[in-house]
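Chain by chain, the residues:
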Amino acid sequence: MFVHRPVMLAEVLEVLSPEPGRYYVDATVGGGGHAEGILEASSPDGRLLGVDRDQSALEASAVRLARFGSRVRLVHGRASDLASLVRAADWGQPSGILLDFGVSSHQLDSAERGFSFQADGPLDMRMDPSAGTTAADLVNGLSHGELSRLLADFGEERQARRIATAIVAARPIVRTAELAQVVEHALGGRKQGPEGRIHPATRTFLALRIAVNDEIREVREGVNAAISAVAPSGRVVTLTFHSLEDRVVKRIFAEATGIGTPRDAYGHPLEPATFRRLLSHALKGDEVDENPRARSARLRGVERDAGPQMRR
Ligand SMILES: C[S@@+](CC[C@H](N)C(=O)[O-])C[C@H]1O[C@@H](n2cnc3c(N)ncnc32)[C@H](O)[C@@H]1O
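Remember, predicted model here, so these are calculated numbers, not experimental data.

1. A look at helix 11 (residues 215-229)
- End to end, helix 11 covers 20 Å across 15 residues, agreeing with the expected 21 Å (1.5 Å per residue, within 8%).
- Among the residues making up helix 11, those that are buried are Glu 215, Ile 216, Glu 218, Val 219, Gly 222, Val 223, Ala 225, Ala 226, Ile 227 and Ala 229.

Below, the structure written as structure tokens:
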């Protein structure tokens, strides 16, 4: 069964503010939880284009959203392709775009997808199992230096070199449980105290998942595409789950709202900002949502200007 509780649902809906008669895009529709909220809030005639790179997520959201009939279209694709997906849908410019990055509980909990060190499965981790490099390809194919850099850059793993050495010595590694064990051994087992609650392989698995799915580029290109595609007065809302992704969104939104853009001698931005911030700071998931998945969530949102015809 596809189980995924939407993170910060009330807050996402408040910031996105769906209205009847308008058109929305959920670029990471997953099990359709947020999409359902958007469609309910924009009843009776708001429309939604749902995108996901995982075909099984689209199948699950199709069931959940069936009652909305022709108000919903679901397409297989990546957030980074948003511009062409929106063009192909031919519904005009969306009034709001949601990007809820990261993995779904369904992906994490399906052992055969290979995301989890808690349930043994093939070392895969592809959100789209129909394409691309698997985690096993990286673990068994990268050099020691490349592996070490990947773990340090994407997992912020301080013991990256030590783990890379252990992985290279144990290759080939083809199952998630094998990799978890190799990393645990390399780091001398589990720590005592509060740190012991986090499995030693957590950062290694996160780093591999980010690399396999090219997640940082997806966030950058997806959010940039949303900024370009959204209609005047429309909103772009993001949920991210780790600091590397949040930093990318923060930078793009800062540029779009004119913070950090070059200024002339009088302090006026050289390129006028076309967006305004909807929240002064990122909303933190653990402060507003008891869902354990919300723990590291960060919600951000911007709104596009109404357009030249409305400016005074
Ligand atoms: C956190 S879940 C979304 C959950 C959804 N908001 C809900 O309420 O059910 C993330 C989903 O987005 C998909 N995904 C992640 N990155 C993506 C990307 N760059 N392009 C398209 N889909 C992506 C994943 O396959 C997964 O199904």
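Still more ground to cover, so stick around.
2. Some remarks on the environment of Phe 115
- Summarising the element assignment, Phe 115 is placed in the loop between helix 5 (105-109) and helix 6 (135-141).
- With relative accessibility at 5%, the residue Phe 115 sits in the buried group.
- Setting aside residues up to four positions removed in sequence, Phe 115 forms contacts with Val 103, Gln 107, Leu 108, Met 125, Arg 126, Met 127, Phe 205, Arg 209 and Asn 213.

3. Notes on the site of the ligand
- Near the ligand you find 25 residues, and of these His 34, Asp 52, Ala 79, Asp 100 and Glu 218 are the closest.
- A distance of 2.8 Å separates a nitrogen atom of the ligand from a polar backbone atom of Ala 79.
- Contacts to the ligand include Gln 107, whose side-chain N or O atom sits 2.8 Å from an oxygen atom.

4. Brief notes about the packing of helix 9 (residues 176-186) against helix 10 (residues 202-212)
- It is the contact of helix 9 with helix 10, at a shortest axis distance of 9 Å, that shows an interaxial angle of 130°. Taken together, the axes of helix 9 and helix 10 are oblique relative to one another. Contact residues: Thr 176, Leu 179, Ala 180 and Val 183 in helix 9; Thr 204, Phe 205 and Leu 208 in helix 10.
- Looking at the contact of helix 9 with helix 10, its residues break down into five nonpolar, two polar and no charged.

5. Brief notes about the packing of aromatic side chains
- Taken as a whole, this structure holds two aromatic pairs when the rule is applied.
- Seen in terms of ring centroids, Tyr 23 and Trp 91 are 5.3 Å apart; in terms of plane orientation they differ by 85°. Their pairing is edge-to-face. In this pair, Tyr 23 is assigned in strand 1 (residues 23-26) and Trp 91 in the loop between helix 4 (82-89) and strand 4 (96-100), connecting sequence segments 68 residues apart.
- On the accessibility criterion, Tyr 23 (3% relative accessible area) is buried.
- With a centroid separation of 5.2 Å and an interplanar angle of 80°, the aromatic rings of Phe 117 and Phe 205 are classed as edge-to-face.

6. Re the pattern of salt bridges
- In this structure the tally under the stated criterion is 16 salt bridges.
- Among the ionic pairs, Arg 175 bridges to Asp 120, the shortest N-O distance being 3.3 Å. Here the residue Arg 175 occupies a position in the loop between helix 8 (160-170) and helix 9, and Asp 120 occupies one in the loop between helix 5 and helix 6, the gap between them amounting to 55 residues.
- Arg 217 is the salt-bridge partner of Asp 214, the closest N and O atoms lying 2.8 Å from each other.
- The class of Asp 214 is partly exposed, set by a relative accessible area of 35%.
- By sharing partners, the salt bridges in this structure join Glu 36, Glu 40, Arg 64 and Arg 67 into a single network.

7. Topic: the nonpolar core
- Leu 82, Ile 97, Leu 99, Val 223 and Ile 227 are the most contacted members of the largest nonpolar core, which totals 32 residues.
- Looking at this core, the elements that each hand over two or more residues are strand 1, strand 2 (47-52), helix 4, strand 4, helix 11 and helix 12 (243-256).
- Of the residues forming this core, the biggest block, seven residues, is contributed by helix 11.
- Apart from residues no more than four positions distant in its own chain, Ile 227 is found in contact with Val 236, Ile 252, Phe 253, Ala 256, Phe 275, Val 302 and Arg 304.
- Counting residues in hydrophobic clusters, the runner-up holds 31 residues, among them Ala 135, Val 139, Leu 142 and Ala 201.

Scoring rules and cut-offs
Residues numbered from 1 in each chain as written. Predicted model: local features only at pLDDT ≥ 70, side-chain atom pairs only at ≥ 80, totals over all residues. Heavy atoms only, no water. Helix = DSSP H or I, 4+ residues; strand = E, 2+ residues; numbered from the N terminus. Expected span 1.5 Å × (residues − 1). Buried < 20%, exposed > 50% of the residue type's maximum accessible area, 1.4 Å probe, protein only. Contact = heavy atoms within 4.5 Å. Near = heavy atom within 4 Å. Polar contact = N/O pair within 3.5 Å; in protein donor to acceptor, adjacent residues only side chain to side chain. Axes fitted to C-alpha atoms, helices over the stretch in contact; angles between N-to-C directions. Parallel < 35°, antiparallel > 145°, perpendicular 65-115°, else oblique. Nonpolar A, V, L, I, M, F, W, Y, C, P; charged D, E, K, R; others polar. Phe/Tyr/Trp six-rings, centres within 6.5 Å; stacked < 30°, edge-to-face > 60°. Salt bridge = Lys/Arg side-chain N within 4 Å of Asp/Glu carboxyl O. Core = buried A, V, L, I, M, F, W, Y, C linked by side-chain atoms within 4.5 Å.

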